[in-house]
Amino acid sequence: MRRSVKVGIKVLIMMIVMGYMMVWVMMPTNTFYLHWLPNIHANVDSSFFGQQGTNILIYTFPILLIAALACLYLHLEKKDVHHYHESAKGSIWDILRRPALVRGPLGIVSWTELWFLIMFIALLVWSFSSYLHSMFANITQQTATTMREKVWEVKLDSAGLMLGLVGNICLAFLFFPVNRGSFLLRLVGLTSESSIKYHIWLGHTAMALFTAHGLCYTIFWARSHQIVNQMLKWDKVGVSNIAGEVALVAGLVMWATTFPHIRRNLFELFYYTHNNLYPVFVVFFLLHVGFSYAFITLPGFYLFLIDRYLRFLQSQQRVRLVSARVLPCQAVELNFSKSPGVSYNPTSTVFIKVAAISKVQWHPFTVTSSSNMEPEKLSVVIKSENDNEGSWSHTLYQKLSSSPMVDHLEASFEGPYGPTSSSQHFLRTRYCRHTALVMVTGGSGITPCISIIRELLFLSMTTNSKIPRVLLVTAFKRSADLTLLDLLFPASTTTHDISTLKLQIEAYITKEKNINSSDKDDNPNHTIWFKPSPLDAPISTVLCSNNWLWLGAILISSSFIFLLLVGFVNQFYIYPIDRNTNMIYSWSSKTALNILFVCVSIAITASVAFVWNKKKSGIEMRQVQNMNAPTPMTSPGPASWYYNADRELESLPHESFVETTKVHYGERPDLKKILLECEGSSIGVLVSGPKKMRQDVASICSSGLANNLHFESISFSW
């Protein structure tokens with residue numbers, strides 16, 4: 001029964017999506033504007049919603065309905081008992097997931113992504129050309145003379161308008177990829193981390209179109225000697241030019257800080273401009289075009305606002321930081337207390353703020369712990385780079401390494417965010433379908449693989465599932481970085497446990513030809529245990545176990561309240577003045593009221609849901625015991641790779657694990673040789689590291705030299 005319901009929901013969602021996309025295709029045609037739209041207005045417009053009722057029905061309602069259905073589907077998916085079926089070798093889906101573009105401004109792009117990108121570009125070109133054809137057909141010498149303009153000036157005016165309309169298509173989809181808890185992304189198997197590049201593509205395209213839109217009008221106003229009057233125009237009814245200019249300037253400032261060189265070298269500039277200016281851009285864009293038209297682009301931003309407010313509520317709670325393990329490789333493992341009910345998958349990410357470092361900066365990290373093996377702990381690894389002094393991670397490492405007597409750190413938390421299915425089903429469908437799994441990492445890129453290896457170990461110990469052979473190829477600059485390998489397994493694992501996982505490690509030290517032991521005693525490996533604070537609490541999810549149902553309830557109830565407020569105000573306040581002419585009541589006032597209604601409806605429903613779930617989870621949180629252990633100030637000694645690297649590997653703990661490890665000094669891995677020599681009908685290739693490493697692995701997997709290589713990349717270089 002449940003399976004049939006899920007299939008029915010998927011079919012219904014696909015039908016709605018096809019209809020929604022058909023609307024975008026038909027929008028620039030005369031058929032839509034001269035026939036379909038007038039008929040819809042005639043049947044939908046009323047004194048309750050006014051003329052904006054048509055836009056609500058055509059553009060807003062379908063997306064909100066899809067989102068609500070997605071919540072129901074994901075809830076059923078979470079409760080479902082999964083049965084694993086091995087995918088067919090060489091299926092069309094495997095081919096579509098392979099890299100199509102490797103090197104270029106777009107980064108690594110799969111055939112699926114390339115296909116959707118081509119279709120989206122075709123939609124933009126089709127819309128612009130159709131708009132221009134329809135507009136230019138009505139521009140003649142006679143009409144230009146009537147307007148006291150030249151023909152080319154009238155066409156420039158029309159082209160500017162059309163560029164803005166096409167830019168709105170990009171804006172309609174811009175906020176979907178940055179919705180961290182997005183039900184729509186999860187529905188198609190994506191996460192916000194893997195989709196951030198789509199936001200970047202859409203942002204660049206939208207700003208290019210909006211900039212051209214502004215330039216066309218600026219040139220037109222200058223040629224027609226009305227630039228001052230037009231640039232200072234803010235009419236009671238109609239488009240507000242001043243609001244559009246403010247939105248464009250805010251967008252240009254954000255756009256200027258998004259280019260890779262500026263974003264990576266001046267991250268704080270990028271961070272602050274984006275977080276402070278995107279509300280300015282959105283508000284003044286709405287004031288520019290009016291809220292009635294903005295319903296076209298509203299759904300994506302509405303869903304983003306729900307997610308953003310829930311993240312705000314979660315971030316207000318200080319979380320319990322239990323300990324920090326300081327490694328000689330300038331890395332820190334932070335261990336947080338969490339509620340046992342909080343589950344997450346490998347490769348999940350969290351956002352952390354440490355008030356002692358910065359009260360406003362949030363940074364993303366991959367979870368390295370396993371929710372199955374460590375039900376009351378969540379861990380992340382933060383690596384500091386020597387060449388980036390003054391950065392957030394470097395400051396944190398210096399604080400913990402130079403001040404071992406630190407007894408408390410105030411931290412806030414958002415997440416975890418990741419794939420929706422259970423961890424076991426996630427591994428079985430994503431990794432266990434392969435006969436072998438090759439993980440290629442560089443530097444701190446090893447952190448996503450730690451959680452995968454731990455979860456594979458748990459699966460091998462607790463189930464009879466077929467676990468693939470695992471080859472970890474990792475490259476470090478210095479031998480001190482080998483201490484990151486200490487984190488591959490929880491401290492509680494035994495030699496017998498580790499032997500159940502077929503793991504081979506090839507570690508490469510690229511900057512040293514032999515082990516460097518000069519700084520062993522200067523940088524001891526030690527653990528700092530923090531004192532508990534009554535203001536701190538274990539990590540908990542915002543909406544407890546039935547989060548998808550709660551999200552659906554928030555979406556439906558907030559939408560209902562918003563539409564109710566809009567309808568009542570329009571019925572009893574605006575309609576008696578405007579009579580649905582849309583030419584009397586101030587557009588700016590109507591927009592301001594609608595913005596207020598959106599915020600109020602989301603704040604009320606999300607707050608109620610949050611408080612209800614917080615009370616419900618209070619009993620579970622109280623069951624988590626406070627851990628107040630003594631503070632060891634020295635390293636574990638023999639348990640560390642680095643401190644024993646010059647000894648025989650067989651003398652280390654976990655002999656079955658160590659015997660399969662080989663360290664190469666003064667060389668880089670021959671990735672082509674390693675990958676092509678892997679045996680097996682299906683080889684999963686996961687790469688996490690520098691851009692060049694990811695591109696090299698993608699090139700090998702897409703070269704056609706081996707058909708059994710299945711590529712996957714993890715990147716957090718925003």
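Bear in mind the structure is a predicted one, so any value in this text is a computation, not a measurement. (Residues numbered from 1 in each chain as written. Predicted model: local features only at pLDDT ≥ 70, side-chain atom pairs only at ≥ 80, totals over all residues. Heavy atoms only, no water.)

1. A look at the packing of aromatic side chains
- Within the structure shown, the criterion is met by 30 aromatic pairs.
- For the pair Tyr271 and Tyr272, a centre-to-centre distance of 5.5 Å together with 80 degrees between the ring planes defines the contact as edge-to-face.
- For Tyr272, a relative accessible area of 31% translates into the label partly exposed.
- Site record: aromatic cluster; members linked through ring pairs are Tyr20, Trp24, Tyr59, Phe120, Phe173 and Phe176.
- Taking the ring centre of Phe136 as reference, the NZ or CZ of Lys155 above it sits at 5.2 Å.
- Positioned above the aromatic ring of Phe351 is the side chain of Arg180, whose terminal nitrogen or guanidinium carbon lies 3.5 Å from the ring centre. (Phe/Tyr/Trp six-rings, centres within 6.5 Å; stacked < 30°, edge-to-face > 60°. Buried < 20%, exposed > 50% of the residue type's maximum accessible area, 1.4 Å probe, protein only. Lys NZ or Arg CZ within 6 Å of the ring centre and 35° of its normal.)

2. Details of the pattern of salt bridges
- If you walk through the whole model with that rule in mind, you get 15 salt bridges.
- Where Arg311 meets Asp307, a salt bridge forms, and the shortest distance between an N and an O atom there is 2.9 Å. With Arg311 and Asp307 both in helix H15 (residues 298-315), this residue pair falls four residues apart, about one helical turn. Asp307 carries the same exposure label as Arg311, and that label is buried.
- Its salt-bridge partner being Arg318, residue Asp536 comes within 3.1 Å of it at the nearest N-O pair. With Asp536 in the loop between strand S13 (526-529) and helix H20 (547-578) and Arg318 in strand S3 (residues 318-319), this residue pair connects regions lying 218 residues apart in the sequence. Arg318 shares its class with Asp536; the two are buried. (Salt bridge = Lys/Arg side-chain N within 4 Å of Asp/Glu carboxyl O. Helix = DSSP H or I, 4+ residues; strand = E, 2+ residues; numbered from the N terminus.)

3. Quick look at unusual backbone geometry
- For the peptide bond that leads from Gly415 to Pro416, omega is 0 degrees, which places it in the cis range.
- Mapped onto the secondary structure, Pro416 falls in strand S9 (residues 411-417).
- The phi dihedral of Arg148 falls on the positive side, at around 60 degrees, and the residue is not glycine.
- Tracing the sequence through the fold places Arg148 in the loop between helix H6 (141-146) and helix H7 (151-173).
- On the accessibility criterion, Arg148 (77% relative accessible area) is exposed.
- You will see that Asn580, though not glycine, has its phi angle at about 65 degrees, which is positive.

4. Thoughts on the packing of helix H5 (residues 111-136) against H7
- At a minimum axis separation of 10 Å, H5 and H7 run at an interaxial angle of 150 degrees. By the criterion of interaxial angle, the relationship of H5 to H7 is roughly antiparallel. Like other packed secondary-structure pairs, H5 and H7 cross with a definite hand, here right-handed. For the pair H5 and H7, contact is made by Phe120, Leu123, Leu124, Ser127, Phe128, Tyr131, Leu132, Met135 and Phe136 and by Lys155, Ser158, Ala159, Met162, Leu163, Leu165, Val166, Ile169, Cys170 and Phe173, respectively.
- For the contact of H5 with H7, a count of residues per class yields 16 nonpolar, two polar and one charged. (Axes fitted to C-alpha atoms, helices over the stretch in contact; angles between N-to-C directions. Parallel < 35°, antiparallel > 145°, perpendicular 65-115°, else oblique. Left-handed = near helix turned anticlockwise from the far one by under 90°. Contact = heavy atoms within 4.5 Å. Nonpolar A, V, L, I, M, F, W, Y, C, P; charged D, E, K, R; others polar.)

5. Concerning the side chain of Glu455
- On the secondary structure map, Glu455 appears in helix H18 (residues 447-462).
- Among buried Asp, Glu, Lys and Arg side chains, Glu455 stands out as unpaired, with Arg454 the closest opposite charge at 8.9 Å.
- Within the structure, the side chain of Glu455 is placed 2.3 Å from the side chain of Asn372, a separation counted as a polar contact. (Lys, Arg positive; Asp, Glu negative; His and termini not counted. Polar contact = N/O pair within 3.5 Å; in protein donor to acceptor, adjacent residues only side chain to side chain.)

6. Some thoughts on the environment of Gln317
- Tracing the chain through its elements places Gln317 in the loop between H15 and S3.
- Look at Gln317 and you get partly exposed, because its relative accessible area is 25%.
- The sequence separation of Gln317 and Glu414 amounts to 97 residues, and the corresponding C-alpha distance is 9.7 Å.
- If near-sequence neighbours (up to four positions away) are discounted, Gln317 is found in contact with Ala411, Ser412, Leu535, Asp536, Ala537 and Lys614.

7. What to know about the sheet that holds strand S7 (residues 363-366)
- Strand order in the open sheet formed by four strands is S3-S9-S6-S7, with antiparallel pairing between adjacent strands. Strand pairing shows two members of the sheet lacking a second neighbour, S3 and S7, which therefore form its edges.
- With two bridges connecting them, S3 and S9 associate as antiparallel partners. Pairing of Val319 across the sheet is with Ala411, part of S9. (Pairing = 2+ DSSP bridges.)

8. Thoughts on the sheet that holds strand S11 (residues 469-476)
- Read across the sheet, six strands follow the order S14-S12-S11-S10-S15-S16 without closing on themselves; strand pairing throughout is parallel. The strands lining the two open edges of the sheet, one partner per strand, are strand S14 (661-665) and strand S16 (709-714). Mean inter-strand twist for the sheet, computed between neighbouring axes without regard to direction, equals 15 degrees.
- The sheet contact formed by S11 and strand S12 (residues 503-509) spans seven bridges and is parallel. Residue pairing in the sheet places Leu471 in a bridge with Gln504 of S12.
- The strands that H18 touches are strand S10 (436-442), S11, S12, strand S15 (683-688) and S16; relative to S10, the one it contacts most, it runs at about 150 degrees.
- Packed on one face of the sheet, helix H24 (residues 691-702) meets S10, S11, S15 and S16 and runs near 160 degrees to S16.

9. Digging into helix H2 (residues 30-44)
- The terminal C-alpha atoms of H2 lie 20 Å apart, and with 15 residues this matches the ideal 21 Å at 1.5 Å per residue to within 8%.
- The largest bend in H2 is about 35 degrees, located at Trp36, with the proline Pro38 one to four residues further on. (Expected span 1.5 Å × (residues − 1). Bend = angle between axes of the 7 residues up to and from the residue.)

10. Section: the confidence of the model for the protein
- When the pLDDT values of the protein are averaged, the result is 84; 87% of them are 70 or greater.
- At the low end of the mean pLDDT range in the protein sits helix H22 (residues 655-658), at 55; at the high end sits helix H11 (residues 241-256), at 95.
- Contacts for the low-pLDDT stretch residues 82-90, under 50 throughout, to residues beyond four places or in other chains number twelve contacts. (pLDDT = per-residue confidence, 0-100.)

11. Side note on a nonpolar patch on the surface
- On the surface, Phe560, Leu564, Phe568 and Phe572 cluster together to form a nonpolar patch covering roughly 450 Å² of accessible area.
- Within the fold, Phe560 resides in helix H20.
- Judged by relative accessible area, which is 55%, Phe560 ranks as exposed. (Patch = residues over 30% accessible without salt bridge, like charges linked within 9 Å, V, L, I, M, F, W, Y side chains within 5 Å. Areas by Shrake-Rupley, 256 points an atom, 1.4 Å probe, with all protein chains shown as cover.)

12. Concerning H5
- Taking 1.5 Å per residue as the helical rise, H5 with its 26 residues ought to reach 38 Å, and the 37 Å between its terminal C-alpha atoms agrees with that figure.
- Along H5, the residues classified as buried are Glu113, Leu114, Leu117, Leu123, Leu124, Ser127, Ser130, Tyr131, Leu132 and Ser134.
- Tucked inside the fold, the buried residues of H5 contact helix H1 (2-26), H2, strand S1 (99-101), strand S2 (109-110), H7 and helix H9 (192-223).

13. As for the packing of H15 against H20
- Running from N to C, H15 and H20 cross one another at 120 degrees; their axes reach a closest spacing of 12 Å. In terms of their interaxial angle, H15 and H20 are classed as oblique. The handedness of the crossing between H15 and H20 comes out as right-handed. When H15 is examined against H20, the residues Leu298, Tyr302, Leu303, Ile306 and Leu310 are found in contact with a partner set consisting of Leu551, Ile554, Leu555, Ser558, Ser559 and Phe562.
- Per-class residue counts for the contact of H15 with H20 are nine nonpolar, two polar and no charged.

14. Considering the environment of Phe284
- Structurally, the position occupied by Phe284 is in helix H13 (residues 267-289).
- Setting aside anything within four residues of it in sequence, one finds Phe284 in contact with Trp234, Ala243, Gly244, Val246 and Ala247.

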